[in-house]
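Structure assessment
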Amino acid sequence: METSQWIARCALRLREEWPRPAGADLAEAAAELWEQERWRELEPEAAAVAWLRLGIPSVEST
């Protein structure tokens, strides 16, 4: 699958699961996922769901 296809499919799945961000932001997130081999090895829809399941890391105040 071509890079652009993977990114487009991932961004579409991100939109389905996470509708609030702008489309350009979702495409950027999908492109960043593509850059990491662990996500690129997955189908784009699976990568999007798995990434979202990680949640937002908590940051402790010091």
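Below is a short write-up of the structure. All figures in this text were calculated on a predicted structure; none of them were measured in a lab. (Residues numbered from 1 in each chain as written. Predicted model: local features only at pLDDT ≥ 70, side-chain atom pairs only at ≥ 80, totals over all residues. Heavy atoms only, no water.)

1. Section: the overall build of the chain
When you go through the chain residue by residue, the secondary structure sums to four helices and zero strands. Residue burial in the chain is summarised as follows: out of 62 residues, 26% are buried. Counting only contacts in the chain whose residues sit at least 6 apart along the sequence, the fraction spanning at least 24 positions is 52%. Here the chain has roughly 4700 Å² of accessible surface; of this, 51% comes from carbon and sulfur atoms. (Helix = DSSP H or I, 4+ residues; strand = E, 2+ residues; numbered from the N terminus. Buried < 20%, exposed > 50% of the residue type's maximum accessible area, 1.4 Å probe, protein only. Contact = heavy atoms within 4.5 Å. Areas by Shrake-Rupley, 256 points an atom, 1.4 Å probe, with all protein chains shown as cover.)

2. Examining the packing of aromatic side chains
Within this structure, the stated rule accounts for two aromatic pairs. Each ring, one from tryptophan 6 and one from tryptophan 34, has its centre 5.3 Å from the other, and the planes form 55°; the classification is tilted. Residue tryptophan 6 is found in helix H1 (residues 3–17), and its partner tryptophan 34 is found in helix H2 (residues 23–34); the two are separated by 28 residues along the sequence. Here tryptophan 6 and tryptophan 34 have matching classes, each one buried. One cation-aromatic arrangement involves arginine 40 over tryptophan 34; the distance from NZ or CZ to the ring centre is 5.4 Å. (Phe/Tyr/Trp six-rings, centres within 6.5 Å; stacked < 30°, edge-to-face > 60°. Lys NZ or Arg CZ within 6 Å of the ring centre and 35° of its normal.)

3. Side note on H2
Taking 1.5 Å of rise per residue, 12 residues should cover 16 Å, and H2 covers 16 Å from first to last C-alpha, within 8% of that figure. Within H2, burial applies to Leu26, Ala29, Ala30, Leu33 and Trp34. What you see down the axis of H2 is that its buried residues fit within an arc of 145°, all on one side. Against the buried residues of H2 lie H1, helix H3 (37–40) and helix H4 (44–53). (Expected span 1.5 Å × (residues − 1). Arc of directions from axis to C-beta.)

4. Describing H4
Each full turn of the α-helix corresponds to 3.6 residues, which orients residues three or four apart in the same direction. Within H4, burial applies to Pro44, Ala47, Ala48 and Val49. Downstream of H4 by a residue or two, glycine 55 has a phi angle that is positive, lying close to 75°.

5. Remarks on the pattern of salt bridges
Enumeration over the complete set of coordinates arrives at four salt bridges. Across the pair glutamate 43 and arginine 9 runs a salt bridge, and its minimum N-O distance is 3.2 Å. Taken together, the positions of glutamate 43 in the loop between H3 and H4 and arginine 9 in helix H1 put the pair 34 residues apart, joining distant regions of the chain. A salt bridge links glutamate 45 to arginine 9, with the shortest nitrogen-to-oxygen separation between them at 2.8 Å. Taken together, the residues glutamate 45 in helix H4 and arginine 9 in helix H1 connect sequence positions 36 residues apart. Judged by relative accessible area, which is 27%, glutamate 45 ranks as partly exposed. Taking relative accessible area as the criterion, arginine 9 reaches 32% and is therefore assigned partly exposed. Three or more residues are tied together by salt bridges with common partners; here these are Arg9, Glu43 and Glu45. (Salt bridge = Lys/Arg side-chain N within 4 Å of Asp/Glu carboxyl O.)

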